[in-house]
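Chains, contacts and geometry: an overview
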Amino acid sequence: MTTPSPQSAIQPTRDEDYPEWYQQVIKASDMAENSPVRGCMVIKPWGFALWENIVRIVDARLKAIGVRNAYFPIFIPLNFLEKEAQHVEGFAKECAVVTHHRLEKGADGGLVPAGELTEPLIVRPTSETIIGDSFSKWVKSYRDLPILINQWGNVVRWEMRTRIFLRTSEFLWHEGHTVHATAEEAMRLTQSILDIYVDLAENCLAMPVIAGKKSPAERFPGADDTLTIEAMMQDRKALQAGTSHFLGQNFARAQQIKYQDANEQEQFAWTTSWAVSTRLLGGLVMTHGDDDGVILPPRVASSHLVLLPVIRKAADQGPVMEYVDALARSLRAVDYHGQPLRVEVDARDTGGARNWDWIKKGIPLRIEIGPRDLAKDAVFFSRRDRDHRDKTAMRRAEFVAGVTGLLDDIQQTLHSRALAFQQANTRSIDTEEDFYDYFTPKRIERPEIHGGFALAHWCGDARCEEKIKSDLGVTIRCLPFDEDRFAPAPGKCIACGRQSPRRVIFAKSY
RNA sequence: CGGGGCGUGGCGCAGCCUGGUAGCGCACCUGCUUUGGGAGCAGGGAGUCGGAGGUUCAAAUCCUCUCGCCCCGACCA
């Protein structure tokens, strides 16, 4: 007898231990691994390809609205961070500081830092201050505005608690920074960027999000307004997946970003900043993954399909491989949303294990090609969004002609599934008792997956928000924009019972 | 930083309580047999047990310190 196969490729399952499942999925899918440096990660090719696809999509969207790329230093003079009070408070606690510029042989033969810097440099946790410094020099006249800048890069935040992709000490992102002559224009830009993020999440990542505005307590340090997209992970916690900030004139005043208007009056400019990061990859895993591994949405998938030659006899080797290569060529010539299909050929002779590798990696389509398919000029494929035993035979020409439709269908399925999950775990709650019950696990020692999004009334008082946060670890994720789904209506605050103009979304979050 | 759990070949784990220089499954390599599938048999490579110190004739096993990971809390764009 053979050893019985496990129920699922990933253990533990999501139900058994969600955080551990997440770690195992990332390992099994070969997306990334922990690095020797605390809190940092090595993003492996299969994970990085996802990021590259996100980069390509976002970059094109930004350029389409006139944003141009630039690059600013990773090091920021210490005093730059001191300029905006809220900003200092927000980031000072988590900055890596460079104090030396040389290493020398120490007494014990090891290397010790030497050459102390006159002024320490911080490794950017975000670049508002150093980019603002440039902006203050670039902006003279209203004719110079707007300035729309983006940079792709890395940032470092010395986090207390890290989780691969979701919160790492170093992560990759893009950060946009803009300068405008009027508040209205800056606010519009802030919103346009959020629209891009919504489109990215919904249409490319198949990740349903709720767009909205942050409560004052949850805003970016130094911002007048923070817009956000919030996604629901399969443990029903919220993931802030992208933010766009209207910075008002706060940074402009702090950094002297001024221009002369048409009336020869000197004015402070209005700025914005916005970002999405490699955190999205964690979101992807936790939105679509199942107990067999990752499931990649085709629009951003590292590869779209893998061809798995099935060779029984040596005599079949040549013909099968020829057929496979020809099929690979014709598939690579197919255009999928402006990109050639990404096709893998895996000719390893490792039996069924080979198939499971690709299941765990989440490739959307797996195609087996054996002698029988040659005879029938057919393919035999399975979709990652369906059971792994669910296989379909199809004429080769029909498959090649219909493959983009198949991929779009998978994309659609993933989105619908995730949306149904989000909706099933979103509830309107009207009493404090229900609210506390909703967010309190039944098992104390090892809490089960519980809660979700709660649509509840909030009076607007930060003290009510704070009470709920300290009692339950639940925060206001956003004041949602979508008035069709979340129509404002008066009610009573879930915490204090006073009048409330509208419901907001409460949830536990990453 | 506080509370809890854990660190043994690539992955998952046993051994530790009752000290005597390491074992299992998977993966990997070789051969044969298989082949629409998480194959079978045989052989093989790989770890000194997170790190440092201590106790001891002897430590993965006991003690101390330390690093890292996970969970809860604090904190967090």
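Now for a description of the structure that goes with this document. Values in this document were obtained by computation on a predicted structure and should not be read as measured data. (Residues numbered from 1 in each chain as written. Chains lettered and ligands numbered in written order. Predicted model: local features only at pLDDT ≥ 70, side-chain atom pairs only at ≥ 80, totals over all residues. Heavy atoms only, no water.)

1. Looking at the overall build of chain A
- Across its full length, chain A carries 14 helices and 27 strands.
- Taking 2.2 N^0.38 as the reference for a compact globule, 510 residues should give roughly 24 Å; the C-alpha atoms of chain A span a radius of gyration of 26 Å, in line with that estimate.
- Over its C-alpha atoms, taken along the principal directions, chain A stretches across nearly 80 × 60 × 60 Å.
- Burial status across chain A gives 52% buried among its 510 residues. (Helix = DSSP H or I, 4+ residues; strand = E, 2+ residues; numbered from the N terminus. Rg over C-alpha atoms; globule rule 2.2 N^0.38 Å. Buried < 20%, exposed > 50% of the residue type's maximum accessible area, 1.4 Å probe, protein only.)

2. Remarks on the environment of F165
- The residue F165 is located in the loop between strand 7 (147–156) and strand 8 (170–180) in this model.
- For the pair F165 and I74, spaced 91 residues apart in sequence, the C-alpha to C-alpha distance is 20 Å.
- When residues no more than four places from it in sequence are discounted, the contact partners of F165 are Y22, I26, M31, A32, M41, I43, T278, R279, L281 and G282. (Contact = heavy atoms within 4.5 Å.)

3. Topic: the sheet that holds strand 19 (residues 365–369)
- Pairing in this open sheet of 5 strands is mixed, and the strands run 18-15-19-20-21 from one edge to the other. If you trace the sheet from one side to the other, it starts and ends with strand 18 (343–345) and strand 21 (391–395), each paired once. If you compare each strand with its neighbour and ignore which way they point, the axes differ by 25° on average.
- Pairing of strand 15 (residues 305–309) with strand 18, which is carried by 3 bridges, proceeds in the parallel orientation. Bridging across to strand 18, L307 finds its partner in V345.
- Its contacts with the sheet place helix 10 (residues 352–361) against strand 15, strand 18 and strand 19, and it is angled at close to 175° to strand 15.
- Strands in contact with helix 12 (residues 396–424) are strand 15, strand 19, strand 20 (378–383) and strand 21; relative to strand 20, the strand with the most contacts, it is inclined by about 5°. (Pairing = 2+ DSSP bridges. Axes fitted to C-alpha atoms, helices over the stretch in contact; angles between N-to-C directions.)

4. Describing the protein's contact with RNA strand B
- Around RNA strand B sit 39 residues in total, of which F91, R157, R161, E368 and D373 are the nearest.
- Separating a base nitrogen of RNA strand B from a backbone N or O atom of P125 is a distance of 2.4 Å.
- Separating a base nitrogen of RNA strand B from a backbone N or O atom of G370 is a distance of 3.4 Å.
- Secondary-structure elements contributing two or more residues to the surface near RNA strand B are helix 1 (18–28), strand 8, helix 10 and helix 11 (371–376).
- Ranked by residues supplied to the surface near RNA strand B, first place goes to helix 1 with 4 residues.
- Partitioning the surface near RNA strand B into residue classes produces 16 nonpolar, 11 polar and 12 charged. (Near = heavy atom within 4 Å. Polar contact = N/O pair within 3.5 Å; in protein donor to acceptor, adjacent residues only side chain to side chain. Nonpolar A, V, L, I, M, F, W, Y, C, P; charged D, E, K, R; others polar.)

5. Considerations on the packing of aromatic side chains
- One pass over the full model with this rule turns up 13 aromatic pairs.
- Judged by centre distance (5.1 Å) and plane angle (85°), the ring pair of F435 and F506 falls under edge-to-face. Of this pair, F435 sits in helix 13 (residues 432–438) while F506 is found in strand 27 (residues 503–507), placing the two residues 71 residues apart along the sequence.
- Counting every residue linked through ring pairs, the aromatic cluster contains F435, Y436, Y438, F439 and F506.
- Here the guanidinium or amino end of K83 rests over the ring plane of F80, the centre of that ring lying 4.4 Å away. (Phe/Tyr/Trp six-rings, centres within 6.5 Å; stacked < 30°, edge-to-face > 60°. Lys NZ or Arg CZ within 6 Å of the ring centre and 35° of its normal.)

6. Remarks on helix 1
- Inspection of helix 1 places Y18, W21, Y22, V25 and I26 among the buried residues, and these make up the whole buried set. One face of helix 1 carries all of its buried residues, which in axial projection span an arc of 130°.
- Positive backbone phi, approximately 65°, marks D30, located one or two places after helix 1. (Arc of directions from axis to C-beta.)

7. As for the nonpolar core
- Y22, M31, I54 and F165 are the most contacted members of the largest nonpolar core, which has 56 residues in total.
- The dominant element in this core, judged by the number of residues it contributes, is helix 6 (residues 183–204), at 8 residues.
- Dropping the residues within four chain positions of it, M31 is found in contact with I26, V42, I43, K44, W46, G47, L50, F165, L281, V285 and V294.
- Ranked by size, the runner-up nonpolar core spans 27 residues in total, among them I295, A328, V379 and L407. (Core = buried A, V, L, I, M, F, W, Y, C linked by side-chain atoms within 4.5 Å.)

8. Here we look at the pairing of strand 19
- Within strand 19, 5 of the 5 residues are buried, leaving the element largely enclosed by the surrounding structure.
- Residue alternation in strand 19 divides its side chains into two sets, L365, I367 and I369 and R366 and E368, and both sets are buried.
- Strand direction decides the pairing type here: strand 15 and strand 19, joined by 5 bridges, are parallel. Each residue of the ladder has a partner; that of P309, found in strand 19, is I369.
- Summarising the sheet, strand 19 and strand 20 pair through 4 bridges and their orientation is antiparallel. Its bridge partner being in strand 20, I367 is matched across the sheet by F381.

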